[in-house]
There are 2 protein chains.
Amino acid sequence: MRTSTADPRARRRPGARGRGEGPIYRQIADLFEDQIRRGVLAPGERLPSVRALATERSVSIATVLQAYLQLGRRGLVEARTRSGYYARSPFTERAPRRAAGSARLQPQEIALADVIDRMLAADPAGAGGSFGATVLGGDLVPTGLLNRLLREAARRHPEHLSTYELPAAAGGLARQIARRSAAFGCRLEPERITITCGGMEALNLALRAVASRGDVVAVESPTYYGVLQAMEALGLRALEVPTHPSEGPDLATLEALFRRRAVAAALVMTNGHNPLGFVLPEAAKRALAGLAARHEIPIIEDDVYGDLPLRGPRPGVAKSFDEGGHVILCSSFSKALSPGLRLGWVEAGRHAREVRRLKALTTIATANLPCLAVAELVASGRYERHLRRTRLALGDRVERVADAVARHFPEGTRLTRPAGGCVLWVQLPRRRNGVEVYREAARSGIHVFPGAAFSPSGAFPDCVRLSCGGAWTERSERCVRALGRIVQRAG
Amino acid sequence: MRTSTADPRARRRPGARGRGEGPIYRQIADLFEDQIRRGVLAPGERLPSVRALATERSVSIATVLQAYLQLGRRGLVEARTRSGYYARSPFTERAPRRAAGSARLQPQEIALADVIDRMLAADPAGAGGSFGATVLGGDLVPTGLLNRLLREAARRHPEHLSTYELPAAAGGLARQIARRSAAFGCRLEPERITITCGGMEALNLALRAVASRGDVVAVESPTYYGVLQAMEALGLRALEVPTHPSEGPDLATLEALFRRRAVAAALVMTNGHNPLGFVLPEAAKRALAGLAARHEIPIIEDDVYGDLPLRGPRPGVAKSFDEGGHVILCSSFSKALSPGLRLGWVEAGRHAREVRRLKALTTIATANLPCLAVAELVASGRYERHLRRTRLALGDRVERVADAVARHFPEGTRLTRPAGGCVLWVQLPRRRNGVEVYREAARSGIHVFPGAAFSPSGAFPDCVRLSCGGAWTERSERCVRALGRIVQRAG
């Protein structure tokens, strides 16, 4: 994406974006935004020093600082200690892929099992330096604290071993989840919360509760391949709803599908979408809940990244606008806390009884010990503290990967600017093939996920997903550089 | 069942069972066996003292002792310290319910969900003094040891938290399971073992791997209601194979079904059958494996009570005779060790890959910590030590419940003599209704399971299942007495 290293001051074009008016600091900010967006100022390149620019433009140092601050807020520059301000990845967002006529709005048989199998075999749950699996780096998991809480729970409730479901365990955790959800506008009922063996069990139970073999479920395009595989195994068909990289699924399309009862349910990832990274605006969440209530068609809300916004507070959920119990909220502690605990949950509204029944006859109960430990973690407020630290670190990691992609991938590469979660969605230039890149990278021990896995119709052949949860090291930089060369060669 | 308290010595009928010859001690043993089987000597009644009988029959004390020992081996008397020998429950075994013509051999839609829901709601996982849930009493769970092993595992592998599947965890446990299985003639391959969230997940994965909605699966009649519910939720139909209370499913019927490919699979509980309690003879296990291989139809072998034989060594499995990988062996640590750990496993032979795939997209992985702890428990030999203690205690508990049933239930009651597991299957006299008994008992806070739940065709309306895992207390005695009165009144 590197195009020019020319001095941006030599190409000043004030007002080029029609915003030449307003306060001076904004004019300066607009100028640099324009350069960054056009690639004149490449990601990773240094902006003029504050002092130099103030002298040259005959403005105060405070004005330049305000301009740079503004650019920072726009996500276009970053400050580096004792070094100055640098342009960062432009997060050029892809235009949404709209349906080409109504052909794309046909239910799709899903047949991803084999291809995804081979991918997972190549990347056993996040090998070192991997951009494949969506797990937090081990350094972000509060290992000492959680192990202490597990020990304490075993000491306080030794009987956790001798019963399928200790009321203090799953029940206690459900109460903490309900209590905590009030902070983001939600009134969950603990009695309707089922604790699950991770978020995938929550999604499976939700799907089984509302849809049967042959039924059609609306999904975002792209969406998480895991849920597509689960649907495939249940014999469900997918109907891909065009989805904007930052605004989410097209609600008019969804409404049309609901109106003609073309789907048994819809599955929507409202926060930290995997792979697009968006956090759905509150209005869209409200609209989703309204659709579900009006048409009495359940919406499965996948919120497993909800605790990992990369900016701002914990986002709300469509569930908070749910009045008839038609929104089934699925979430997890795997993404923001620990995948090894195997803890997720589902508040299934009017489907709670069926979900509980399905849970009882598939895995019977969720292990008591992790429930006890995490209930204590949440109750004590230490979960929120952990989240604050984790979000900052994760935000930094996502940014570093994005920066490196911007520096090392060829001209024309586009990538999302995620608002939540831990993945980047990268569109390769000139129709380069994501599966080829994935294969070639795996041979070098570098793991990414090809876009093809995220759509049953294979709608994203020129994309790859990069997971950014791991610590950023020199090796990561080398890996992204190598990836860039692979992309260059591909196609 | 109490019929007479007359002095057995007054009714001596040597040779009544045509065994009047042979050594004296055997003649004496035969005499008492005859009395016990005819109910002349009622369960709980004392046999003559050794000294008195020796004097009366003019034989040596050693001869009488040998006779009583023989009766003990036949399961007909028990010695009580400083008190003498007592007749025990006769374990009169029910005649098998054979199919009445071929009508019974039709696939059945399963519709047990609602009735069983209500039952489970009435008995939340083993309330005190309950004969409902099949869990070991808390006193038999090695709580201190397991909690210590969990702590040690967390200390040794703190990274158990930060990855979905730690190779040392599920992989380590799979190796221990494979290693241990050699002791009972099995050559499991660790690579084909998937560790699951309890035995029910193992059974669900096995069912999903080999059968799809609408398919017919052969099951024993009666069989565990949980697996019938799981089949119902998967849209599978059941075909009930007549099953002898001690000899197991009718293999000729099963072979006929396999030959005309009337079923997609068969599900058989080979060891400690729930609810019948039988341990299938080795020849039957070999025959089952042969059937599967010959017809290339998978047999799902449910072995969750395999570690709990009530007499003799750990029984073998049909899997040990499996040559083509057609036997899918499902087992669990919930029954013999701890339900709260949520650990089970499945060795799925040629279906191992599909089982692993289904696991990955339903619960992704099994929590690492319990795998690490139980792998260590097995590796150190302490699991076998625990089992020896547990089997003795459980045998005693089953016997005590059986004795109490024999004393308190009305004349004509019949009950199994389980060889494994922890349940008694009781046939009530004169077509008394098991569901009524279950309901009336629940109102008194006593929990049993009605026979109707164990067959999709409702073939056992006059039966109830009593779980005997809990410690035997005075309260238990009162509960069985109260149950006896309820049975007396019912019908």
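Please refer to the structure higher up on the page.
Our subject in this report is the structure included herewith. Just so it is clear, the model here is predicted, and its values are computed rather than measured.

## Regarding the overall build of chain A
Inference 1: In terms of helices and strands, chain A carries 15 helices and 14 strands.
Inference 2: Across the 491 residues in chain A, those meeting the buried criterion constitute 62%.
Inference 3: Accessible surface, chain A as shown: approximately 18,100 Å² in total, 48% of it carbon and sulfur.

## Concerning the pattern of salt bridges
Inference 1: If you walk through the whole model with that rule in mind, you get 38 salt bridges over all chains.
Inference 2: Where Glu255 of chain A meets Arg294 of chain A, a salt bridge forms, and the shortest distance between an N and an O atom there is 3.1 Å. Of the two residues, Glu255 of chain A sits in helix 9 (residues 251-259) while Arg294 of chain A sits in helix 10 (residues 282-295), which places them 39 residues apart along the sequence.
Inference 3: One salt bridge in this structure joins Glu282 of chain B and Arg286 of chain B, with 3.9 Å as the shortest N-O distance. Taken together, the positions of Glu282 of chain B and Arg286 of chain B, both in helix 10 (residues 282-295) and four residues apart, correspond to about one turn of that helix.
Inference 4: Accessibility expressed as a relative area gives 52% for Glu282 of chain B, which makes it exposed.
Inference 5: Shared partners join several salt bridges into a network, and the residues in it are Arg180, Asp303, Asp307, Arg314 and Glu384 of chain A.

## Regarding the nonpolar core
As a rule of thumb, nonpolar side chains are buried together in soluble globular proteins.
Inference 1: Ranked by size, the top nonpolar core spans 150 residues in total, and within it Ile195, Phe333 and Leu466 of chain A together with Ile195, Phe333 and Leu466 of chain B carry the most contacts.
Inference 2: Those residues in contact with Ile195 of chain B, other than ones at most four positions away along the chain, are Ala170, Leu173, Ala174, Ile177, Leu343, Gly344, Trp345, Lys359, Thr366 and Cys371 of chain B.
Inference 3: Ala230 and Leu239 of chain A together with Ala289 and Ala352 of chain B belong to the second-largest nonpolar core, a separate cluster that totals 129 residues.

## Things to note about the relation of the copies chain B and chain A
Inference 1: For the pair chain B and chain A, the best superposition has an RMSD of 0.1 Å and corresponds to a rotation of 180° with a translation of 0.0 Å parallel to the axis. Within this description, the copies of the chain are treated as partners about a two-fold rotation axis. Using C-alpha coordinates, one finds that chain B approaches the rotation axis most closely at Arg151 of chain B, a distance of 3.0 Å.
Inference 2: Of the residues that chain B buries at the interface, 100% are likewise interface residues in chain A, meaning the two copies contact each other through the same surface.

## A closer look at the environment of Pro313 of chain A
Residue and element names in this part refer to chain A.
Inference 1: On the secondary structure map, Pro313 appears in the loop between strand 8 (299-302) and strand 9 (327-332).
Inference 2: A relative accessible area of 67% places Pro313 in the exposed class.
Inference 3: Considering only alpha carbons, one finds Pro313 and Phe184, 129 residues apart in sequence, at a separation of 8.5 Å.

## Focus: the interface of chain B and chain A
Inference 1: Facing 49 residues of chain B, the contacting portion of chain A comprises 49 residues.
Inference 2: For the pair chain B and chain A, the summed buried surface comes to about 4,200 Å²; carbon and sulfur atoms form 60% of the total.
Inference 3: Viewed at the interface, chain A and chain B are joined by zero salt bridges.
Inference 4: For the interface between chain B and chain A, the tally reads 17 residue pairs in polar contact (both at pLDDT 80 or more).
Inference 5: Those elements that place two or more of their residues in the side of chain B that touches chain A are helix 4 (113-122), helix 5 (143-156), helix 7 (198-210), helix 8 (225-233), helix 11 (352-360) and helix 12 (368-379) of chain B.
Inference 6: Residue contributions to the side of chain B that touches chain A peak at six residues, all from helix 5 of chain B.
Inference 7: Here the side of chain B that touches chain A is composed, by residue class, of 24 nonpolar, 15 polar and 10 charged.

## Here we look at the pairing of strand 10 (residues 344-347) of chain B
All names here are of chain B.
Inference 1: Burial along strand 10 is two-sided: the face carrying Gly344 and Val346 and the face carrying Trp345 and Glu347 are both buried.
Inference 2: Across four bridges, the pairing between strand 3 (residues 193-196) and strand 10 is antiparallel. The residue of strand 10 that forms the bridge with Thr196 is Gly344.
Inference 3: Judged from the four bridges that link them, strand 9 (residues 327-332) and strand 10 form a sheet pairing that is antiparallel. Of the residues in strand 10, the one forming a bridge with Leu329 is Glu347.

## Some details on the side chain of His351 of chain B
Inference 1: Inspection of the secondary structure assignment puts His351 of chain B in the loop between strand 10 and helix 11.
Inference 2: Aside from chain neighbours lying at most four places away, what touches His351 of chain B is Val210, Pro298, Gly325 and Ile328 of chain B.

## Regarding unusual backbone geometry
Inference 1: Cis rather than trans, the peptide bond between Ser221 of chain A and Pro222 of chain A has omega equal to 5°.
Inference 2: Following the sequence through the fold, Pro222 of chain A ends up in the loop between strand 4 (216-221) and helix 8 (225-233).
Inference 3: Going from Asn274 of chain B to Pro275 of chain B, the amide bond is cis rather than trans, its omega being 20°.
Inference 4: Position of Pro275 of chain B among the secondary structure elements: in the loop between strand 7 (265-269) and helix 10.
Inference 5: Positive phi is not limited to glycine here, since Glu296 of chain A has a value of about 50°.
Inference 6: Locating Glu296 of chain A in the fold gives a position in the loop between helix 10 and strand 8.
Inference 7: A positive phi is found at Arg342 of chain B, a non-glycine position, where the angle reads about 55°.
Inference 8: In this structure, Arg342 of chain B sits in the loop between strand 9 and strand 10.

## Some words on the sheet that holds strand 11 (residues 414-415) of chain A
Inference 1: As summarised here, the arrangement of the four strands in space is 11-12-14-13 (chain A), forming an open sheet in which the pairing is antiparallel. Both edges of this open sheet fall to strand 11 and strand 13 (449-450) of chain A, since each of them pairs with a single strand only.

## A few points about helix 10 of chain B
All names here are of chain B.
Inference 1: With 14 residues, helix 10 should cover 20 Å at 1.5 Å per step; its first-to-last C-alpha distance of 20 Å lies within 8% of that length.
Inference 2: Every buried residue of helix 10 is listed here: Ala284, Lys285, Leu288, Ala289, Leu291, Ala292 and His295. For helix 10, the angular spread of the buried residues around the axis is 155°, confining them to a single face. The exposed residues of helix 10 that point more than 90 degrees off its buried face are Glu282, Ala283 and Arg294.
Inference 3: Of the surrounding elements, those touching the buried residues of helix 10 are helix 9 (251-259), strand 7, strand 8 (299-302) and strand 9.
Inference 4: Just downstream of helix 10 lies Glu296, where phi reads positive at about 50°.

About the cut-offs
Residues numbered from 1 in each chain as written. Chains lettered and ligands numbered in written order. Predicted model: local features only at pLDDT ≥ 70, side-chain atom pairs only at ≥ 80, totals over all residues. Heavy atoms only, no water. Helix = DSSP H or I, 4+ residues; strand = E, 2+ residues; numbered from the N terminus. Buried < 20%, exposed > 50% of the residue type's maximum accessible area, 1.4 Å probe, protein only. Areas by Shrake-Rupley, 256 points an atom, 1.4 Å probe, with all protein chains shown as cover. Salt bridge = Lys/Arg side-chain N within 4 Å of Asp/Glu carboxyl O. Core = buried A, V, L, I, M, F, W, Y, C linked by side-chain atoms within 4.5 Å. Contact = heavy atoms within 4.5 Å. Least-squares fit on C-alpha atoms with pLDDT ≥ 70 in both. Buried area = accessible area lost by both parts, 1.4 Å probe. Polar contact = N/O pair within 3.5 Å; in protein donor to acceptor, adjacent residues only side chain to side chain. Nonpolar A, V, L, I, M, F, W, Y, C, P; charged D, E, K, R; others polar. Pairing = 2+ DSSP bridges. Expected span 1.5 Å × (residues − 1). Arc of directions from axis to C-beta.

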